[in-house]
Amino acid sequence: WVDGLVPRHAQLNDWLQRGPPKALWLGGLHSPEELLVAMKQEAARNHPNDDAWTFEKLHITAKITNMSAKEVLRPAPLGFYTSGLYTDTFLWNADDCTVYEAPDPSKDPQGGLYSDIPVVQISVTTDPTPPGQTFECPVYDSPQRSRLLCTIPVPCHEPPMHWMLRGAALYAC
């Protein structure tokens, strides 16, 4: 717990001193789900006369970029960029921007079930259907999966049920 306190304090202090970060560490917030709710509220307020943009009709969406946190030069044009998300039970393929099976640890002791993914752009939309085949991947606050923060569409080649049955998830820790 104390190990995470220093980077959390640094992120919040930088935010106060310099303004919003270019890429936010979602796991560094005490209550990241509140930020997601605030995004929806702000989007609804920005479209007061549009019935498609009422709070109840808005959805959180995400797009996995090919950038690392150090490559982010400016804030996202819509929503925000987040870094520090890690996979569980699957790996990220940067070549074709999809997920793939993690190697079986009993057959490949050097292989892992975890990997980090590039920066993710999180925003608000009125269309809940992402393009292409995706798996609605749950994002938890920790590997203990004690708090579900949101779900984000992750591109995949297999049917979404394939990843659901494996318990695939992302962690924002």
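It should be noted that the structure appears before, not after, this text.
Please read these numbers as outputs of a predicted model, since none were measured by experiment.

**Focus: the pattern of salt bridges**
It is possible for side chains of opposite charge to pair when their charged atoms get near one another.
Consideration 1: According to the stated counting rule, one finds five salt bridges in the structure shown.
Consideration 2: When the shortest N-O distance is used, the salt bridge between Asp-88 and Arg-145 registers 2.9 Å. With Asp-88 in strand 4 (residues 86-88) and Arg-145 in the loop between strand 8 (134-140) and strand 9 (148-155), this pair connects stretches of sequence that are 57 residues apart.
Consideration 3: The closest approach of N and O atoms between Asp-141 and Arg-147, which form a salt bridge, is 3.7 Å.
Consideration 4: Residue classification places Arg-147 among the partly exposed positions, given a relative accessible area of 27%.
Consideration 5: Connected through shared salt-bridge partners, Glu-33, Asp-141 and Arg-147 make up one network.

**Structural notes on the environment of Trp-53**
Consideration 1: Tracing the backbone shows Trp-53 in the loop between helix 2 (32-46) and strand 2 (59-64).
Consideration 2: Separated by 95 residues in sequence, Trp-53 and Leu-148 have C-alpha atoms that sit 24 Å apart.

**As for the side chain of Thr-65**
Consideration 1: Mapped onto the fold, Thr-65 is located in the loop between strand 2 and strand 3 (80-83).
Consideration 2: Overall, Thr-65 belongs to the buried group, its relative accessible area being 10%.
Consideration 3: Only 3.2 Å separates the side chain of Thr-65 from the backbone nitrogen of Met-67, close enough to count as a polar contact.

**Regarding the packing of aromatic side chains**
Consideration 1: In this structure the tally under the stated criterion is one aromatic pair.
Consideration 2: Aromatic pair Phe-90 and Trp-163: ring centres 5.9 Å apart, planes at 65°, arrangement edge-to-face. Of this pair, Phe-90 sits in strand 5 (residues 90-93) while Trp-163 sits in helix 3 (residues 160-166); the two residues are 73 residues apart in sequence, bridging distant segments of the chain.
Consideration 3: One residue, Lys-40, lies across the ring of Phe-55, its end atom 4.6 Å from the ring centre.

**Remarks on the pairing of strand 7 (residues 120-125)**
Consideration 1: Strand 7 sits mainly inside the fold: six of its six residues count as buried.
Consideration 2: Burial of strand 7 is two-sided: the residues Val-120, Ile-122 and Val-124 facing one way and the residues Gln-121, Ser-123 and Thr-125 facing the other way are all buried.
Consideration 3: With six bridges connecting them, strand 2 and strand 7 associate as antiparallel partners. Looking at the pairing, Ile-60 lines up with Val-124 of strand 7.
Consideration 4: In terms of strand pairing, strand 3 meets strand 7 through three bridges, oriented antiparallel. Across the sheet, the residue bridging to Thr-82 is Val-120, located in strand 7.

**Regarding the sheet that holds strand 2**
To summarise the sheet geometry, strands pair through backbone hydrogen bonds and adopt either a parallel or an antiparallel arrangement.
Consideration 1: Read across the sheet, four strands follow the order 1-3-7-2 without closing on themselves; strand pairing throughout is mixed. Edge positions in the sheet fall to strand 1 (23-25) and strand 2, since each has one partner strand and no second. Direction aside, neighbouring strands of the sheet carry axes that sit 40° apart on average.
Consideration 2: Along the sheet, helix 2 contacts strand 1, strand 2, strand 3 and strand 7; its crossing angle with strand 7, the most-contacted strand, is approximately 45°.

**Examining helix 2**
Consideration 1: For helix 2, which comprises 15 residues, the first-to-last C-alpha distance of 22 Å matches the rise-based estimate of 21 Å (1.5 Å per residue) to within 8%.
Consideration 2: On its buried side, helix 2 packs onto strand 2, strand 3, strand 7 and strand 9.

Cut-offs applied
The residue numbering used here restarts from 1 in each chain and proceeds along that chain's sequence as written. Given that the model is predicted, a residue must reach a pLDDT of at least 70 before its local features are reported, and side-chain atom pairs must reach 80 or more before they are shown or counted; all residues, however, enter totals for whole chains, interfaces and linings. Each side-chain value is worked out from all heavy atoms of the structure, with water and hydrogens disregarded. Any Lys or Arg side-chain nitrogen found within 4 Å of a carboxyl oxygen on Asp or Glu counts as a salt bridge. A helix here means a DSSP run of H or I that spans at least four residues, while a strand means a run of E at least two residues long, and both kinds are numbered starting from the N terminus. Buried, partly exposed and exposed residues are distinguished by accessible area as a fraction of the type maximum, computed with a 1.4 Å probe on protein chains only: under 20%, between the cut-offs, and over 50%, respectively. Pairing of N or O atoms within 3.5 Å defines a polar contact, subject to two protein rules: one partner must be a possible hydrogen donor and the other a possible acceptor, and residues neighboring in sequence count only if both atoms are side-chain atoms. Pairs were defined over the aromatic rings of Phe, Tyr and Trp, the Trp ring being its six-membered one, requiring ring centres within 6.5 Å. Orientation was assigned from the angle between planes: stacked under 30 degrees, edge-to-face over 60, tilted for the rest. Criterion for a charge above a ring: Arg CZ or Lys NZ at most 6 Å from the ring centre, at most 35 degrees from the ring normal. Strand pairing requires that DSSP identify at least two bridges connecting the strands. Here an axis means a line fitted to C-alpha atoms, over the contact stretch when the element is a helix, while the angle between two N-to-C directions is reported on a 0 to 180 degree scale. When checking whether two residues touch, look at their non-hydrogen atoms; a contact exists if any pair is within 4.5 Å. Take the number of residues in a helix, subtract one, and multiply by 1.5 Å to get its expected span.

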